[in-house]
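Breakdown of the fold
The lines below spell out each chain.
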Protein chains: 2
Amino acid sequence: MKVVKFGGSSLATGSQVQKVLDIIQADEDRRIVVVSAPGKRFDGDIKVTDLLKSYADQTIAGADTTEILMTILARYQEIAAHFLLEDDVIISQIKQQLIHLNRVHYPSFDHLYAAFMGHGELLNAQLIAAVMQKKGLPATFVSPAELGITVTGSPRSARLDQESYHAISNYQIDDSRLLIIPGFIAYTNDGYAATFSRGGSDITGAILARGFHADLYENFTDVSAIYTVNPKIVPHPQSISEMTYREMRELSYAGFAVFHDEAIIPVIEANIPINVKNTNDPQTPGTMIMPNHAVNPSNPVTGIANDNRFAALYLHRYLLNREVGFTLKILQILATYNVSYEHMPSGIDDMTIIFDKAQLTPEIKAHISHDIYATIAPDELEWLDDYAIIMIVGEGMQQHIGTFSKITAALSEAGINLPMINQGASQISTMIGVPVDRMNEAVHVIYHAVF
Amino acid sequence: MKVVKFGGSSLATGSQVQKVLDIIQADEDRRIVVVSAPGKRFDGDIKVTDLLKSYADQTIAGADTTEILMTILARYQEIAAHFLLEDDVIISQIKQQLIHLNRVHYPSFDHLYAAFMGHGELLNAQLIAAVMQKKGLPATFVSPAELGITVTGSPRSARLDQESYHAISNYQIDDSRLLIIPGFIAYTNDGYAATFSRGGSDITGAILARGFHADLYENFTDVSAIYTVNPKIVPHPQSISEMTYREMRELSYAGFAVFHDEAIIPVIEANIPINVKNTNDPQTPGTMIMPNHAVNPSNPVTGIANDNRFAALYLHRYLLNREVGFTLKILQILATYNVSYEHMPSGIDDMTIIFDKAQLTPEIKAHISHDIYATIAPDELEWLDDYAIIMIVGEGMQQHIGTFSKITAALSEAGINLPMINQGASQISTMIGVPVDRMNEAVHVIYHAVF
């Protein structure tokens, strides 16, 4: 049995939804269907989730919400019309739920936003189920609450209650039914709507794959495979046919946008393979993500990711690494400001702390500098505001210094210095730092050296 | 004005001491002379400092110390005899001081050992001053106490009281006098003898160079220069003519035995250059260690050091680096057992903590493992007992990826994988980890790739 998740672009229009129906009907193992909210129909279009956010904004502002509500409804009507359902009861049900959203009392703005934005998926799942029923398919809309999925934590960054897996596995499914389930949204024990953080529908799919003990988690999106490198940097790159969970995690960490890396943890825990496929090209096998794969002895590199979301703090002090507790003091300072670090390469008298830039405001940086001066009195302290990282990922990278040597030779020939190389911390990747302004060039050079 | 320090092998015999006298007379700027205890005269010989340790052991055991005392005295007599001073008052003065050592009450065994072992230098300085006077040189023995040097802390690992620099600079010196000062030993404010830790005479020399505002600190030993690599691994290696303080520190950290790296901190602080020279070959210019030197554009590498004194702890847990406070917890555990770490390269879900093996007993490792399991529950925890590090050091290394590329190509050709590469943490070196059993081979390969 397969859990199948469709992304927003796969459900943006009626003709896209028709492709989804064809895909579901082509394989009778596809019985648990997770849907996103309707995505962009064209470049510059607004996703339904973002329309719902505007609706929430206007509701909070006490503005007239008639127009935004009609704009949202029109997106569902357009899909319904494709299947001659525009006058069906489903449209009035969707309208009623949209209107109801701004008549409810919410404990906080976060609760309000979660409820509004999660409705993109919720209403779309209802619509797709109605479309399927119209087509004679045995489809049933099922709410996450009916499945026993409960969440805790912040309403817009909910955490799964681990009991949910037990509840899901007790939910009766049979071969004759198709379950249509909204992604992204889930409910607390108190019955409040909440949403998962980034990558929300992917998380729902992964949770259901694990809960239902699926054989495969199919994730349909709008690319035919995961590429070995960002196609915006290297045009028409090779695609990846197989990769391991760990490779996926490392690539995703360093900028691969296919999955938010946390989304796949439930399937990793259950050892369920993931197949990334293209709704617009379902015959192409796509990319399999699985516990293990054979290493190509001539090239162990699976992918090259890059990201410039980092900043670094360089510290220098004599005998820095002789002092038990030096790093401890620094981490205590970071913890005070709730800042986590990404990496902390150290020399004898030097240490560089690499952060996700998003965590650092000028105030936080000033506080950290102040506290480090007061506590540790470094000889030097310097912030590097832009720090680009390239990750070369592949199971078996470590057993292939030849590959690494090819990469450094190519970078040397291109005259690109590497302010940082971190290999061996992860067993399957090498992380290199490059000057931000040469990041894209370095990615090119590495890609052509390796593939 | 120059501070000149002579090591134990330069003072092991009368004929060696003659070389020292010649060196001092050859340059009238050499006016502050720091002496070690007589060292080994031949392979398998016992240094006077080690004889004094045996004397201390026997004193504590209440054994008959006549023979050890005579053995020690004989070393000084042998030197004195070379200068026809064997019946001089200086020999009876040395004997009296040696006998007096075991008639004193010491506050602790540490105080006792410090007093006994520090006398190797103390008595030698007195003897050398007497020899010089006999030769008509204007030499005066000066005790560290007379110079105003005071120390605190553990008697066998004393720390300089920073007031000492002020006292030294106030000590009257004039062009007509030669001061002969014992290395290694110094006194607390209470008048107890104490010794510096490893590299003790080097530290005394460095302190005096700073205190007297010397133009140069000459360090005479038994090699004509610092070599670019360990000559026990690569026979007849190139020597280093110039290196910076930072290069010295990094090489010394990773196994270069010329200086204990902490010894040179006083001269670094005062920007005084160090000249390492050979007592047996004083015409050879030796190695200059100084604040800066010009980088050779064709090869920025100054030296290659290697050391296998490390052990590593590998940890793996999903989302390890997302958790504010994860590393903090680990460091708190290490601090509990007073263990410091050397480096901590990290991936996304992985972290390797590299330790100086000397700190780790099986008990401490078991405690650390236990506490980490209890606190952090890693998915994997593995100790790597032998971890070899090779440091490739050179100002400008980072601007020369071509050099790094040559190194990795050569290692690749030799089939040597690198479990760890850490570049960019230090701005002047690249640290690589290699399997212990291939360390020497890797050093060879790197040396021949670079030099």
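Residues numbered from 1 in each chain as written. Chains lettered and ligands numbered in written order. Predicted model: local features only at pLDDT ≥ 70, side-chain atom pairs only at ≥ 80, totals over all residues. Heavy atoms only, no water.

**Considering the sheet that holds strand β8 (residues 193-195) of chain A**
All names here are of chain A. Taken in spatial order, the 4 strands line up as β5-β4-β7-β8 in an open sheet, and their pairing is mixed. Each of the sheet's edge strands pairs with one partner strand only, and the pair in question is β5 (159-160) and β8. Summarising the sheet, strand β4 (residues 150-152) and β5 pair through 2 bridges and their orientation is antiparallel. Bridge pairing links T152 to R159 in β5. (Pairing = 2+ DSSP bridges. Helix = DSSP H or I, 4+ residues; strand = E, 2+ residues; numbered from the N terminus.)

**Points about the relation of the copies chain B and chain A**
For the pair chain B and chain A, the best superposition has an RMSD of 0.2 Å and corresponds to a rotation of 179° with a translation of 0.1 Å parallel to the axis. When the rotation and shift are considered jointly, the pair of chain copies conforms to a two-fold rotation axis. Across chain B, the smallest distance between a C-alpha and the rotation axis is recorded for N422 of chain B, namely 2.5 Å. Of the interface residues in chain B, 100% have counterparts in chain A that sit at the interface too, so the contact is made through matching surfaces. (Least-squares fit on C-alpha atoms with pLDDT ≥ 70 in both. Contact = heavy atoms within 4.5 Å.)

**Points about unusual backbone geometry**
In most cases, non-glycine residues show a negative phi, while peptide bonds are predominantly trans. Phi at A377 of chain A takes a positive value of approximately 50°, unusual for a residue other than glycine. Tracing the chain through its elements places A377 of chain A in the loop between α12 (362-376) and β17 (380-393). Accessibility expressed as a relative area gives 47% for A377 of chain A, which makes it partly exposed. The backbone of L84 of chain B sits at a positive phi, close to 60°, despite the residue not being glycine. Relative to the assigned elements, L84 of chain B resides in the loop between α3 (66-82) and α4 (89-101). (Buried < 20%, exposed > 50% of the residue type's maximum accessible area, 1.4 Å probe, protein only.)

**Notes on the interface of chain B and chain A**
With 60 residues of chain B at the contact, the number on the chain A side is 61 residues. Here chain B and chain A share an interface that buries about 5,200 Å² over both sides, 54% of which is from carbon and sulfur atoms. At the junction of chain B with chain A, the criterion picks out 2 salt bridges. Note that R249 of chain A is salt-bridged to D349 of chain B, the shortest N-O span being 2.2 Å. Linking chain B with chain A are 16 residue pairs in polar contact (both at pLDDT 80 or more), by the criterion used here. For the side of chain B that touches chain A, the elements supplying multiple residues, two or more each, are α9 (245-253), α10 (265-269), β15 (303-316), α11 (326-336), β16 (350-356), α13 (401-413) and β18 (420-423) of chain B. (Buried area = accessible area lost by both parts, 1.4 Å probe. Salt bridge = Lys/Arg side-chain N within 4 Å of Asp/Glu carboxyl O. Polar contact = N/O pair within 3.5 Å; in protein donor to acceptor, adjacent residues only side chain to side chain.)

**Section: the side chain of N219 of chain B**
Tracing the backbone through its elements, the reader meets N219 of chain B in strand β9 (residues 216-221). Ignoring sequence-local partners within four residues, the contact set of N219 of chain B consists of K5, D202, F259, I274, N275, V276 and K277 of chain B.

**Observations regarding the packing of α11 of chain B against helix α12 (residues 362-376) of chain B**
Residues and elements named next belong to chain B. Closest axis-to-axis distance for the α11/α12 pair is 10 Å, and the angle between their directions is 150°. Judged by the angle between their axes, α11 and α12 are roughly antiparallel. α11 and α12 meet at a crossing whose hand is right-handed. Between α11 and α12, the residues in contact are F326, K329, I330, I333 and L334 and I368, D371, I372, T375 and I376, respectively. (Axes fitted to C-alpha atoms, helices over the stretch in contact; angles between N-to-C directions. Parallel < 35°, antiparallel > 145°, perpendicular 65-115°, else oblique. Left-handed = near helix turned anticlockwise from the far one by under 90°.)

**Some words on the environment of I268 of chain A**
Position of I268 of chain A relative to the elements: it lies in helix α10 (residues 265-269). Distance in space between the C-alpha atoms of I268 of chain A and P291 of chain A is 7.4 Å, their sequence separation being 23 residues. Not counting residues up to four positions away in its chain, the partners in contact with I268 of chain A are Y245 and R249 of chain A together with Y318 of chain B.

**Observations regarding the UniProt feature "domain: ACT" (unreviewed entry) in chain A**
Per the UniProt record, "domain: ACT" (unreviewed entry) is annotated on residues 392-451 of chain A. End-to-end, the C-alpha atoms of residues 392-451 of chain A are 12 Å apart, and along that stretch the chain is 42% helix and 20% strand. (UniProt positions renumbered as here; feature names shortened; annotations may be inferred.)

**Concerning the sheet that holds strand β4 (residues 150-152) of chain B**
Strand pairs in the sheet, formed through backbone hydrogen bonds, run parallel or antiparallel to each other. Here we have 4 strands laid out as an open sheet, ordered β5-β4-β7-β8 (chain B), and mixed in their pairing. Edge positions in the open sheet fall to β5 (159-160) and β8 (193-195) of chain B, since each of these has one partner strand only.

**Considerations on helix α1 (residues 14-25) of chain B**
Residues and elements named next belong to chain B. End to end, α1 covers 16 Å across 12 residues, agreeing with the expected 16 Å (1.5 Å per residue, within 8%). Where α1 is concerned, the buried positions are G14, Q16, V17, V20, L21, I23 and I24. The arc enclosing the buried residues of α1, seen along the axis, measures out at 165°, which places them on a common side. If you follow the buried residues of α1, they end up packed against β1 (2-6), β2 (30-35), α3, α5 (109-134), β6 (178-182) and β9. (Expected span 1.5 Å × (residues − 1). Arc of directions from axis to C-beta.)

**Looking at the pairing of β15 of chain B**
Residue and element names in this part refer to chain B. A large share of β15 lies buried, amounting to 12 of its 14 residues. Note that β15 and strand β17 (residues 380-393) share 11 bridges and pair antiparallel. Within the sheet, the bridge partner assigned to H316 lies in β17 and is E380. Where β15 meets β16, 7 bridges bridge the pair, whose relative direction is antiparallel.

**What to know about the side chain of T150 of chain B**
If you trace the backbone, T150 of chain B turns up in strand β4. The contacts of T150 of chain B, once residues within four sequence positions are left out, are R159, L160, D161, S164, Y187 and N189 of chain B.

**Side note on the domain arrangement of chain A**
Domain boundaries in chain A define domain 1 (2-222) and domain 2 (303-450). The straight-line distance from the C-alpha centre of domain 1 of chain A to that of domain 2 of chain A is 39 Å. (Domains from an automatic or database assignment.)

**What about the packing of aromatic side chains?**
All names here are of chain A. Tallied over the entire structure, the rule returns 15 aromatic pairs over all chains. Between Y106 and F116, the ring centres sit 6.2 Å apart and the planes meet at 55°, which makes this aromatic pair tilted. Residue Y106 is found in the loop between α4 (89-101) and α5 (109-134), and its partner F116 is found in helix α5; the two are separated by 10 residues along the sequence. Given a relative accessible area of 14%, Y106 falls into the buried group. Note on F116: relative accessible area 0%, which makes it buried. Among the aromatic residues, those joined into a ring-pair cluster are Y55, Y106 and F116. Sitting over the face of the ring of Y253, R309 holds its NZ or CZ atom 4.9 Å from the ring centroid. (Phe/Tyr/Trp six-rings, centres within 6.5 Å; stacked < 30°, edge-to-face > 60°. Lys NZ or Arg CZ within 6 Å of the ring centre and 35° of its normal.)

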